[in-house]
Amino acid sequence: MKAGFVQFEPIFGDIGLNIENVERLTEGINAELVVLPELFNSGYLFTSKEEAFSLAEEIPAGRTTGELCRIARKRNIHIVAGICERQGDKLFNSAVLVSPEGYRGVYRKMHLFNEENIWFQPGNGGFQVFDIGACRIGIMICFDWFFPEAARILALNGAHLICHSANLVLPYCQQVMATRCLENRVFAVTANRTGREVRGGNDFLFTGKSQITGPQGDILWQ
């Protein structure tokens, strides 16, 4: 199978434009699976819980999941994409999986980074593996890379490929994902964002350098 990523700079708070950009960037794509960055639809640096709630959506009932299902059907691809999820009075940093047939599942980030602990609850669904026909995939989100157990659990549960939606600011992850793939004999697609967000006294510069990594620790595409 062919897998790829979309690396771009989400515009904070402009969900419609971010979805439009993904639709434009996937036009003519020759792949069966595409991975998008963490929180691709909303942006990253929230300044209050109220702001985070205003940009959060239910999964699968929300606008973004519906639009991704439409794009997946139109492009005949599977998509893994990071979304700010609302469930009742709780927020999760989540990644949704959709296919040409519709919604398939969600992963909620287990290992929260920095101020994410203010806005989000830790994931409560464990590390799941999804059979998409051509292969079995697992999902991680950004800082999950720091913990070897995340990739190990996915591999032990039968994943061939890890879809890794990210908003990376630390400089080490791209090298570490090569090690995770070597340790576990899996492939990985890390979809990182680009650009900078300066909000609420924070200044985050995102590192880009999205990559596809192989089971011999080799960088197949960057």
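Note: the structure precedes this text.
Residues numbered from 1 in each chain as written. Predicted model: local features only at pLDDT ≥ 70, side-chain atom pairs only at ≥ 80, totals over all residues. Heavy atoms only, no water.

So, about the sheet that holds strand β3 (residues 78–87). With mixed pairing, the five strands of this open sheet are ordered in space as β1-β2-β3-β4-β5. In this open sheet, the two edge strands, each paired with only one partner strand, are β1 (3–5) and β5 (102–108). Across the sheet, the mean angle from the axis of one strand to that of its neighbour is 35°, orientation sign disregarded. Of the strand pairs in this sheet, strand β4 (residues 90–99) and β5 are connected by six bridges, and their pairing is antiparallel. Each residue of the ladder has a partner; that of V96, found in β5, is V106. The strands that helix α3 (residues 63–75) touches are β3, β4 and β5; relative to β4, the one it contacts most, it runs at about 15°. (Pairing = 2+ DSSP bridges. Helix = DSSP H or I, 4+ residues; strand = E, 2+ residues; numbered from the N terminus. Axes fitted to C-alpha atoms, helices over the stretch in contact; angles between N-to-C directions. Contact = heavy atoms within 4.5 Å.)

Over the atoms, a rolling probe the size of a water molecule traces out where space has been left empty. On inspection of all chains with the given rule, the structure shows two cavities of 30 Å³ or more. Considering only enclosed or pocket space, the largest cavity measures out at about 70 Å³ in volume. Looking at the largest cavity, the residues that line it are Y44, L45, F46, N114, E115, E116, W119, F120, N202 and F204. Going through the elements one at a time, α4 (116–119) and β11 (202–205) are the ones with two or more residues in the lining of the largest cavity. Counted by class, the lining of the largest cavity contains six nonpolar, two polar and two charged residues. Of the volumes computed, that of the second largest cavity is approximately 60 Å³. (1 Å grid on protein atoms, 1.4 Å probe; cavity = no way out; pocket = protein on both sides within 12 Å on 5 of 7 lines; lining within 4 Å. Points joined across faces, edges and corners; volume = space filled by probe spheres on them. Nonpolar A, V, L, I, M, F, W, Y, C, P; charged D, E, K, R; others polar.)

A separate point is unusual backbone geometry. Here I59 and P60 are connected by a cis peptide whose omega angle stands at 10°. As for its position among the elements, P60 is in the loop between α2 (49–55) and α3. At L39, a position not held by glycine, the phi torsion is positive, near 45°. Look at C142: it is not a glycine, yet its phi comes out positive at around 40°. With respect to the helices, strands and loops of the structure, C142 is situated in the loop between β7 (136–141) and α5 (148–156).

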